[in-house]
Each structure stands twice: as structure tokens, then as C-alpha cells.
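# Topology and contacts: notes
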Amino acid sequence: MTGEQPALSLRGLAKAFDGKIAVAGVDLDVPAGSFYGLLGPNGAGKTTTLSMAVGLLRPDAGGAWVLGHDVWADPVAAKRLLGVMPDGVRLFDRLSGAELLAYHGLLRGMDPAVVDQRAAELLDVLALGDAGRTLVVDYSAGMKKKIGLACALLHGPRLLVLDEPFEAVDPVSAALIRDILQRYVAGGGTVVFSSHVMEVVERLCSHVAILAAGTIKRVGTLPEVRGDRSLEEVFVEVVGGRTATGEELAWLSR
Amino acid sequence: MAVPVTAPAAPTATAAATHRVSPRHFVRLKLRVMVNNFRGQAWRIALYVVGAVFGLWFAGTGFFLFAAPGLAGNDRYALMIAAFGGGLTVLGWLLLPLVFFGVDETLDPARFALLPLPRRTLVTGLLAAALVSVPAVAVLLALSGLVVTAGALGGWSAAVVQVVGVLAGVLLCVAAARAVTSAFAAMLRSRRVRDLAAVLLAVAAALLGPLQIFGLAALRDADWDRLDPMAEVVGWTPFGAPWTAGIDLAEGRVWAAPVKLLITALALVALLAWWSRSLESAMVGAASAGPAPARRGPAGGAVAQLFPRWVGWARRDRFGALVAREARYWWRDARRRANLVTVAVVGLFVPVMVNLGGANLTAGDTQGFAVPDTSSPLLVSLSMVFVGVLASVTLANQFGFDGSAYAAHLVAGVPGQQELRARMAAFSLYVLPMLAVVSVALAVILGRPGWVGVTSGSLLATYGVGLAVNSLVSVLGAYALPETSNPFALNSGAGVAKSFLTLLAMVGTMVAAVPMVVAAALLGDVWHWLALPVGAAYGLGAALLGAYLVGDVLDRRQPELLATVTPRR
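Conventions adopted
Residues numbered from 1 in each chain as written. Chains lettered and ligands numbered in written order. Predicted model: local features only at pLDDT ≥ 70, side-chain atom pairs only at ≥ 80, totals over all residues. Heavy atoms only, no water. Helix = DSSP H or I, 4+ residues; strand = E, 2+ residues; numbered from the N terminus. Buried < 20%, exposed > 50% of the residue type's maximum accessible area, 1.4 Å probe, protein only. Contact = heavy atoms within 4.5 Å. Areas by Shrake-Rupley, 256 points an atom, 1.4 Å probe, with all protein chains shown as cover. Core = buried A, V, L, I, M, F, W, Y, C linked by side-chain atoms within 4.5 Å. Patch = residues over 30% accessible without salt bridge, like charges linked within 9 Å, V, L, I, M, F, W, Y side chains within 5 Å. Salt bridge = Lys/Arg side-chain N within 4 Å of Asp/Glu carboxyl O. Lys, Arg positive; Asp, Glu negative; His and termini not counted. Charge placed at Lys NZ, Arg CZ, Asp CG, Glu CD. Pairing = 2+ DSSP bridges. Axes fitted to C-alpha atoms, helices over the stretch in contact; angles between N-to-C directions. Left-handed = near helix turned anticlockwise from the far one by under 90°. Nonpolar A, V, L, I, M, F, W, Y, C, P; charged D, E, K, R; others polar. Phe/Tyr/Trp six-rings, centres within 6.5 Å; stacked < 30°, edge-to-face > 60°. Parallel < 35°, antiparallel > 145°, perpendicular 65-115°, else oblique.

## Points about the overall build of chain A
From N to C terminus, chain A includes nine helices and ten strands. Buried positions account for 52% of the 254 residues belonging to chain A. Contacts in chain A between residues far apart in sequence, at least 24 positions, make up 66% of those at least 6 positions apart. Approximately 11,000 Å² of chain A is accessible, and the part contributed by carbon and sulfur atoms is 53%.

The structure is reproduced here in C-alpha cells:
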């Protein structure tokens, strides 16, 4: 790979749980500097795919590369460039926000002075400074997402992988997270995130991939995938949902 | 469900008025809910049957204990048994539900919050439903023994009074349990109080064994005559009044019986009034505990906040951060703290009991070691091995404590050897001082200060070996703990295989510690001086070697380990 290297590339990633196939061979190239949305209905394999891409779940087959570094063969180099916010994974929530950030920073081998300075800045920007010594376990859902994002950003990664960053987040916090992510991409970073909320994806993303039943169904830039229709129409068509004809459930109206 | 309490068939006030809700409905509702819980769940039925059999066994034992004075026709201890036995029963009903996080929640008062029920109906109904339970029936059966005693000593009249007394007493027990739990319901629902309660429970559970033995020893030496006035005083409090009324009548204090029944009735009314008042808070308490108040801490950088003051010596790098975080977790995570407390209490009491051994203490059931009349370096070493094993086996599922949070270590790429060394160091911050106290205290209590070397040497050796063995077990045999606030909850099903692994770790640790015991038995006086340096070196070496070898295993198994400690949702 020379020249313009993809920030993240997946080749033939596959995973089965107890004989049930969750991901059936995913190939994906995420260009550097893109804002990449991974779309899919519930149970499509988004979390499984992203977990394999960042080294949290060992794939049955295939591989993942972060800026050319093999995640599974050379994890140290790959993980240094990578910031991750997994979904449904607890943080070390018996720490306060500041303690958690310090912990993540030192785990990454950062200089304590830099950790202090960045942690203070992140807490301030994400409006978490008011929480003081409150333990993360007592945070609200939105605050937990924000501190998770702060932990992923702290070491200044080149690629940010976020699983459902806008799930269960109020509009104010969502706007804040969106704003920070847009600034991060404008500064040369790459973001990959999963979601099933079309509005967010349409507003933010430069590239989109639609994942259903463990395989990629559509992939490309947002205009390419969307064509002249709305993203939601394309999504429902690809995933194979039904659209209401207006005949059924007539008894609902009176 | 065809029970009027929950039936939606009362759209108007007139319809509701035609169907009076009586305690009978609550009892039927409770039975129905119980039966539905059993549906298709054989193991639940089995558990219930086991509980019922256990309750019956307890009831039978209690019955004969309380009936003993009557059966023997001896009134010497009748009052004492009634006052103390009954009083302890009431105390148990008062405290145990608090410690065990609430009572039988088949009929949770919060479920009735939306129903238009008068408070009085609700209280009597819930009380009636609460009486239909194994513990209530067991207590009723057990204390019926008092009726036999009263009847045998005082004839029919005393027996009848005692029947009334026992019935009122059981009502008092149940009402006390309900009133107290209801009053604390809102508090028990908050995480902080539950954490505290968990630790108290661990202390209580750990103390139970030692207390029992000390109690037995005290009973043997006690001067019974001096307890008589105490029994009389207890008899006049609500704790003893219901149980002693008939005995008083039998012993000729006719005037005392009605007064004691009156005391019981007043206490019962007061408890029900308290319960009724606190029901409201219990009913709304379930909705929300409210946000926790923000705590303002000392200023300072994030890094300074992460490190507790007493870990301040640690370097501000990855290893130091791991130690600091683990040190904080051993205190802040109720599950871990409960484990620490158990180790501290058991680790101090068991060796003392085993080594004091001899005629007046029976510690044979606490562990398999024989208890000779006098202690010896061999026995001391053995008991120290036990403490070391106990302390180190706490780490057998150290990754399970972390749960899915362990993902952070994968993402950051923490090297396995560093991780294990840091975890050992942080745990040792708590345990080593504890072990030092145990070994010194034991030597002092035995009156052999010269044995400090032997005790601390074998303890350190076993602990170090145990760290190594349990590191391996924690990497290979980890299992997920449920993400609940109850620190004693275990995933059902994980039990048998996992405790087998833990057992294996304990046996492995003991085997590896055998050289210390052999040396103590063979080397004689020289060992008093050599034990400490040799033991410390052996332990430290084993722990470091363990971290080195197991660290490689951990490096290869990180994602698999994460998968096994992540609870299924």
C-alpha cells in the first residue's frame, strides 16, 4: 500500500457465534480524512464488525489494518493510532471523570503533564467539569457517552472508531459530540461510527456503508449510495423492510 | 388473574365500592404469584422445597428447645429460654431483612401505588400476605413449644394465654420486618447504602463462625443465676413480652400476663402505624432515587486525583496507573471490598482458634486440620498456609471483577506481565499489612514472640505462591459476574465448574507451600531465624515468576478473556 493509505481497511472479516453467522466476510476501505457511517438494522453485525476491526474480538477469518498496521499481527502500532469507544461496554466506572481520563492517558504511556492539560480541556469542552468527583457510575447516559468519547480522544488518535455514539444521548449532548467530531475530521482525523439513525448519518457523513445480515450491501460516498432518493428509502429497500400500503390496521383510525 | 385487586373491572367508583378488598385477596394474590413463578421452572420448585424442609427442620429444633422446660417439668430455665429465645427471634426478624437487602418481594408495595386502596386495607392485606411464608410458619411452629411449656407448668389457662402470646409475637415479628424494610426501602434502593450493607453483611457472615464458638465457650463457663434478672428485664420489653406471658401465669405472677399482652399489642400497633406511614415513601421510592449530588473534590490535575495519597510513591506511568486504579477499586467496588473484609476477619480468627485449640474450643469443623492440645511450629505453619491460601484465592477471578470494562486494557494494549504485576502489587497493598498483623498477633497471642519468623515466613511464602497460581487461574478460568448491585450475586450455572477451579488453585497453592511446612517440622530452632528471609524470598520469587509466565499467556488470550468476563445481556 503506497500513497493515499486507507485509515482502516477490512478484508474478509468473518465471525460466527455458536454456529450462527454474525458477520459473513466484510471488506471495507475507509479513506483517510473521511467521516464514515456504518449503517445497519439491529442485529446486522455492526458491533461485531467494529469489535474485530479494533482488536476486541478475534475474527474467525480475515484481517484489519489501521493505516497499514495489522491490528492482529502488530497490535501495538495499530492501537497507538486508534481511539475506540465501544458500545455497551462499561468504563471503569468507580472512578471519577478526571480519574478515568488520567487512567486512560497513563495506560497509553502519555506524559503526566500532557494528560493533566488535555483532561482538563476535554472535561471543560464536554461540560463534564461540573460533575467534580462524582463517580462515572452515577453519571447519566449522555454523560457516560461523553466521558467515553473523551477517553477515546485523549491520546490524539488518527482514527476514531465509535460504536453507536448517539444512542441514548439528549439533543444538547448530541450536538456537542457532533461538533467535536466534525472539528476532529476537519483537523485531518478519520471517524468511523455505527448507527441506525438516518438523520445523523445524512448530516455528518461523507461515506456510508450499509450492513445487513452480516454482509455489506451498499458502499460509497453519501451521494453515490443515496442517488436522488433519501437515505432512508435506500436503507429500507436494501435491508428489505416493508412499507405500509395504508390498507392494514384500518381499525386504528375512526 | 381473577383477583379483584388487579382486575380492571372497576371503571367507576360505585363498582369499586361493591367489592370490598380484604386481606384474603392479598393472600390469594401472593399464592398465585408464587405458583406462577414456579411454572416450568423445576429448579425453583426444588429450591423452594429445600427451603421449606430447612425451615421445618429449624422449626422442629426450635419447638423442642422451647418445649424442653415443660417436657422436663422443670421451671428453672423456662423464663430464661422464653425471654432470650423469643427476644433473639424478634431481633432476627428486625435485622436480617435489612442485611439481606429486603424481604420476600412477591408483593412489592410499589406495585400497589396506582391502585385506589385505603392505607389500612393495604397494610392489613400486606401483613396477611407476609404471614404466608416459610419463615413465618417456621417461627410459629418453633415458638409453639412455649405453649407446651406453659401448659405443662401452669395448666390450661397458662397454655391459652401462651397461645395468644405466641400468635401476637409472630405478628410482631412479621410487622417489625415489614416496618423496618419499608422505612429503609428508599435507602436500600440507592447504590451507596447497598454497598455499605454488603460490607456489613460480609463482616457479619465472617464473624458468625467465630462468634458461635466463643458463644459456646461462654455458655459453658457462664454463671446462669446472674442471667435471671436479665431475662426478667427482657421479658418486659416488646422483644420478650409476648413469649413470657403464659410462663408468668404458670409461675404464679397472674397480674403480669395481661400487662405483657398489652405491651405486645401496643408495640404491634406502633409498628403498623410506622409501616403505614413509611409505605408511601416505599411506594414512590421505586420510581427514581434522584441524581446523586455532585461531589467537589480537592483541586489538582487529573493524574493527581487518580493516585490515592497512600499510593503517592508510585511512578506516574502505566504501571503506577494500574496500581492506583486497582487500589481504588479494592475499596470502591463493594464486591471487592466484601472479599477483603472476609479475608481480614477469617484470616485473623481461624488461626487463633486453631492454635489455641485444646479442650474448650471446637474448631474441628472450620477446616480439616487436626487440633492437638498444644500448638507447635508445624501447626502454626499449617494455619498460616491456610491464611495465605485464603488471601490469594481472592484473586482467582480478578478479571471477572472488571467485567467488560477490561476492554479498555485491550484497546490500550497493556502488556500482560505488567498488568499481572500491577494487580498483585495493588492487592498486596491491602493484604500485606493484614498478613503482618495476623502473623505478629498470632505469635503474641500464643505467648511465643519468637515464632514471628515462622508465622510471617510461611505466610509470605504461601501468599506469593498463591498469587502466581491464582494469576493463572484468573486468566484461564475467568467467568463473568452479573452486573448488579448485589455483591453476593453469582450467575447461576457458573457455580460448580468454577468452584472446582478455585479448589484446584487452593490445592495447588498448598502443595507449592509444602516445603515451608516440612522445614518447620524438621529444622527445629534454626528455622525460627531462617523462616522469614527464606519465606519472603520464596514468595516474592514465585509471584514474579508467575507474573512472567502467565503474562505471556495473557498476551495471547486477551480477546478471549474479555469475551468470558463480559456478562451476557
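Having seen the structure, we can now continue with the description.
## Points about the overall build of chain B
The secondary structure content of chain B amounts to 22 helices and zero strands. Restricting to contacts in chain B with at least 6 residues of sequence separation, those with at least 24 account for 80%. Approximately 27,000 Å² of chain B is accessible, and the part contributed by carbon and sulfur atoms is 70%.

## Quick word on the side chain of B:Gln418
Note that B:Gln418 resides in helix α19 (residues 416-445). Owing to a relative accessible area of 19%, B:Gln418 belongs among the buried residues under this scheme.

## Focus: unusual backbone geometry
Residues and elements named next belong to chain A. Of note, the phi angle at Ala127 is positive, near 55 degrees, even though the residue is not glycine. Mapped onto the elements of the fold, Ala127 is located in the loop between α4 (112-125) and α5 (141-153). A positive phi angle, near 50 degrees, is found at Glu164, a position not held by glycine.

## What to know about the nonpolar core
Core analysis: the biggest nonpolar cluster contains 146 residues, and A:Leu160, A:Leu181, A:Val191, A:Phe193 and B:Leu306 have the highest contact counts within it. Here the element with the most residues in this core is α19(B); it accounts for ten residues. Beyond its immediate chain neighbours, meaning those up to four positions away, A:Val191 contacts A:Ser34, A:Phe35, A:Tyr36, A:Leu160, A:Leu162, A:Leu181, A:Tyr184 and A:Val185. Within the second largest apolar cluster, 38 residues are counted, among which are B:Val90, B:Leu122, B:Val170 and B:Val174.

## Re a positive patch on the surface
Residue and element names in this part refer to chain B. Together, Arg24, Arg28, Arg32 and Arg39 make up a positively charged patch on the protein surface. As for its position among the elements, Arg32 is in helix α2 (residues 23-38). Residue class for Arg32 comes out partly exposed when judged on its relative accessible area of 41%.

## Points about the pairing of strand β7 (residues 159-163) of chain A
All names here are of chain A. Most of β7 sits out of view: five of its five residues are buried. By the alternation rule, side chains of β7 split into Leu159, Val161 and Asp163 and Leu160 and Leu162, which are all buried. Pairing between strand β6 (residues 82-85) and β7: four bridges, direction parallel. Across the sheet, the residue bridging to Leu82 is Leu159, located in β7.

## Notes on the packing of helix α16 (residues 377-392) of chain B against helix α20 (residues 452-476) of chain B
Residue and element names in this part refer to chain B. At a closest axis distance of 8 Å, the pairing of α16 and α20 adopts a crossing angle of 35 degrees. By crossing handedness, the relation of α16 to α20 is classed as right-handed. Contact residues: α16 offers Pro377, Val380, Ser381, Met384, Val385, Val387, Gly388, Val389, Ala391 and Ser392, while α20 offers Val454, Thr455, Ser458, Leu459, Thr462, Tyr463, Gly466, Leu467 and Asn470. Here the residues of the contact of α16 with α20 are counted per class, giving eleven nonpolar, eight polar and no charged.

## Some points on the packing of aromatic side chains
A full pass over the atoms with the stated rule returns twelve aromatic pairs over all chains. With a centroid separation of 5.7 Å and an interplanar angle of 85 degrees, the aromatic rings of A:Phe92 and B:Tyr329 are classed as edge-to-face. In this pair, A:Phe92 is assigned in the loop between β6 and α3 (97-107) and B:Tyr329 in helix α14 (residues 318-332), connecting two distinct chains. The exposure class assigned to A:Phe92 is buried, which follows from its relative accessible area of 1%. Take B:Tyr329: its relative accessible area is 4%, and that puts it in the buried class. Taken together, the aromatic side chains of B:Trp330, B:Phe401, B:Phe427 and B:Tyr463 make up a single cluster linked through ring pairs.

## Considering the sheet that holds strand β4 (residues 61-66) of chain A
All names here are of chain A. If you walk across this open sheet you meet the four strands as β2-β1-β4-β5, and the pairing is antiparallel. Because the sheet does not close on itself, it has two edges, and the strands there are β2 (20-31) and β5 (69-70). Contacting β1 (6-17), β2 and β4, helix α1 (residues 46-54) runs over the sheet at an angle of about 120 degrees to β1.

## A look at the sheet that holds strand β9 (residues 207-212) of chain A
All names here are of chain A. The strand order across the open sheet built from six strands is β6-β7-β8-β3-β9-β10, with neighbouring strands paired in mixed fashion. Because the sheet does not close on itself, it has two edges, and the strands there are β6 and β10 (215-221). Averaged over neighbouring strand pairs, the angle between their axes works out to 15 degrees when direction is ignored. Relative to strand β8 (residues 190-195), strand β3 (residues 35-39) runs parallel, the two being bridged by five bridges. Within β8, the residue paired with Leu39 across the bridge is Ser195.

## Regarding the packing of α16(B) against α19(B)
Residues and elements named next belong to chain B. Look at α16 against α19: their axes get within 11 Å of each other, and the N-to-C directions meet at 160 degrees. Judged by the inter-axis angle, α16 sits roughly antiparallel to α19. You can see that α16 and α19 cross each other, and the crossing is right-handed. For the pair formed by α16 and α19, the contact residues are Val380, Ser383, Met384, Val387 and Ala391 on the first element and Phe427, Val431, Leu435, Val438, Ser439 and Leu442 on the second. Residues that form the contact of α16 with α19 fall into these classes: nine nonpolar, two polar and no charged.

Function cannot be inferred from these measures alone, as they are strictly geometric.
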